Amino acid sequence: MSLMMPAPDRTVIDGRAALLAELRRLLPADAVIAAESALAAYECDALTAYAQRPLAVVLPRTTAEVAAILGTCRARGVRVVPRGAGTSLSGGALPLADGIVLSLARFNRILEIDLENRCIVAQPGVTNLALTQAVEADGFFYAPDPSSQIACTIGGNVAENSGGVHCLKYGLTTHNLLGLEMVTMDGTVVRLGGGKALDGPGYDLLGVVTGSEGLLGVVTEVTVRLTPKPQGIGALLAGFDSVEAAGGAVAAVIAAGIVPGGIEMMDNLAINAAEDFCAPGYPRDAAALLIVELDGPAGEVEAQMDRVAAIMTRHGAASLKRTRDEAERLGFWAGRKAAFPAVGRISPDYLCMDGTIPRARLPDVLKRITALSAHYGLRCANVFHAGDGNLHPLILYDANVEDELAKAEAFGADILRACVEVGGVLTGEHGVGIEKRDLMGEMFDDTDLAVQQRLKCAFDPGGLLNPGKVFPVLHACVELGRLKVSGGKLRFADLPRF
């Protein structure tokens, strides 16, 4: 992948002192970071292959401060990269040399817990796991649970439309989001969605913003739905002699009309890395491992576990183990939740890809990944949400070896092309960012991309919010047309003809 970011604005860089003086006037002294040594902590996100120190970092605490920052940056033509916890795996929070990073780290409070309406209101810097911890004693949980939930924030989850191991049954962030507060690039504060209600009137702008990767506005408050804890819960571990057989078993479970809380798959490389890391009790000789969790009324869970066990056996499971208690169930999940750091111990570097395919094509695509691994001479550990076809191949490489990063990126691009070829998509939950930006043409033609960019223009006509992400070529809004207000009504202006 050739990393091409918007060219630095020399005027902004030359006016750095004036910009910093203005930001320090708007914010407390400790909320503006400009020292080179301190900026190093913000030079990349979890896609560590690319790094760039920003012009400055700001850490506001209030919506009013965010509005003031954005209004100032718009007036000065300064680019802004919003940042949550920095766990993005697609380079979504990669800074710009002539732009500022707007960190939401200090927006870290839960504002309201409303059990009667089964919702919770939180600032965007609250971690995903903290939402569940706040309500679990009352019998509730927040369903989307990315593997990074101990660190990733709800604001970042909204930006990327994150999922997790239980998204098969309970949905992605978008299915659990009720409303949000957002600041647009001109400093306007807007509220989207139905708040505590299940739906709101008008266009679904909440759906538009969810997964928009920080290109449309900065989220400053989030309202999400809470889910009651199920009465019964159990899990199975099934080991297979091939990843293709495991993929076939996944498709068979769903075809049988069973909707587990989650179905996760790990291949042999990931299994052994997890065993070495935290010893969850996985079968080391299995080519692939399935973790299937079922929840609901206690009697129903037992009956469904019987059905799933029978399906696993029919599809060639070489080993099968059922949980006997809650401690054992958590042990089943321990290795899966720790899979990414576990793989990090067996390779100096890795790229975590993210593509989604129809479940029935799992065996085909996994076979293709195996062939690509041999072609590029790079190991690949497969750890992913098999139930909804969301693949997370971990491509292992060493950045200190010449050309290995380029080979890893080419390998990853071929995996994503394969996903699109079988009817899937480029991303399931990690976003496009810079990682998949140059592959957008694999899914969309020029007209599709131009229409998407019109939406960007409606929210951010100056193209100052997180530029260089998502779109392979960003046209000026004057070329594409943008929404204008005339007589109190929105209208499109200067639209091109296709």
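Every chain is numbered independently, its residues counted from 1 as its sequence is written. The predicted origin of the model limits local features to residues at a pLDDT of at least 70 and limits the giving and counting of side-chain atom pairs to 80 or more, whereas totals for whole chains, interfaces and linings rest on all residues. Working from all heavy atoms in the structure, the side-chain values ignore hydrogens and water.

### Overview of the packing of helix α9 (residues 243-255) against helix α14 (residues 362-376)
Step number 1: Their axes nearest at 8 Å, the elements α9 and α14 cross at an angle of 155°. In terms of orientation, α9 and α14 fall into the roughly antiparallel class. Considering how the two elements wind past one another, α9 and α14 form a crossing that is right-handed. Across from V243, E244, G247, G248 and V250 in α9, the residues of α14 making contact are L362, P363, L366 and K367.
Step number 2: Here the residues of the contact of α9 with α14 sort into five nonpolar, two polar and two charged. Helix axes are fitted only over the stretch in contact, all axes being lines through C-alpha atoms; the angle between N-to-C directions runs from 0 to 180 degrees. Only DSSP runs of H or I with at least four residues qualify as helices, and only runs of E with at least two residues qualify as strands; both kinds are numbered from the N terminus onward. Note that the term roughly parallel is reserved for angles under 35 degrees, roughly antiparallel for angles over 145, roughly perpendicular for angles of 65 to 115, and oblique for everything else. Take the far helix as your reference; a near helix turned counterclockwise from it by less than a right angle gives a left-handed crossing, and one turned clockwise gives a right-handed crossing. The contact criterion used is simple: two residues touch if any of their non-hydrogen atoms lie within 4.5 Å. Amino acid classes used here: Ala, Val, Leu, Ile, Met, Phe, Trp, Tyr, Cys and Pro are nonpolar; Asp, Glu, Lys and Arg are charged; the rest, including Gly, are polar.

### Description of the packing of aromatic side chains
Step number 1: Here a pair means two rings of Phe, Tyr or Trp (six-membered ring of Trp) with centres within 6.5 Å. Their orientation is stacked below 30 degrees between planes, edge-to-face above 60, and tilted elsewhere. With the rule as written, the count across this model stands at two aromatic pairs.
Step number 2: Summarising the aromatic geometry, the rings of F141 and Y170 are spaced 5.6 Å apart at their centres and angled 85° between planes, so their arrangement reads as edge-to-face. One end of the pair, F141, is in strand β7 (residues 140-141); the other, Y170, is in helix α7 (residues 167-170), and 29 residues separate them in sequence.
Step number 3: Note on Y376 and F411: the rings are 5.5 Å apart at their centroids and 15° apart in plane angle, and the pair reads as stacked. Taken as a pair, Y376 in helix α14 and F411 in helix α15 (residues 404-421) lie far apart in primary sequence, 35 residues in all.

### So, helix α5 (residues 128-135)
Step number 1: All of the buried residues along α5 are N128, A130, L131, T132 and V135.
Step number 2: Packed against the buried residues of α5 are β5 (110-114), β6 (119-122), β7, α6 (154-160) and β10 (218-225). For every residue, the accessible area obtained with a 1.4 Å probe (protein chains only) is divided by the maximum for its type, and the residue is called buried under 20%, exposed over 50%, and partly exposed between those limits.

### What to know about the confidence of the model for the protein chain
Step number 1: Mean pLDDT over the protein chain: 92, with 95% of residues reaching 70 or higher.
Step number 2: What pLDDT reports is the predictor's confidence in each residue, on a scale of 0 through 100. Low confidence marks residues 482-498, where pLDDT is under 50. Its contacts with residues over four positions away, or in another chain, come to 30 contacts.

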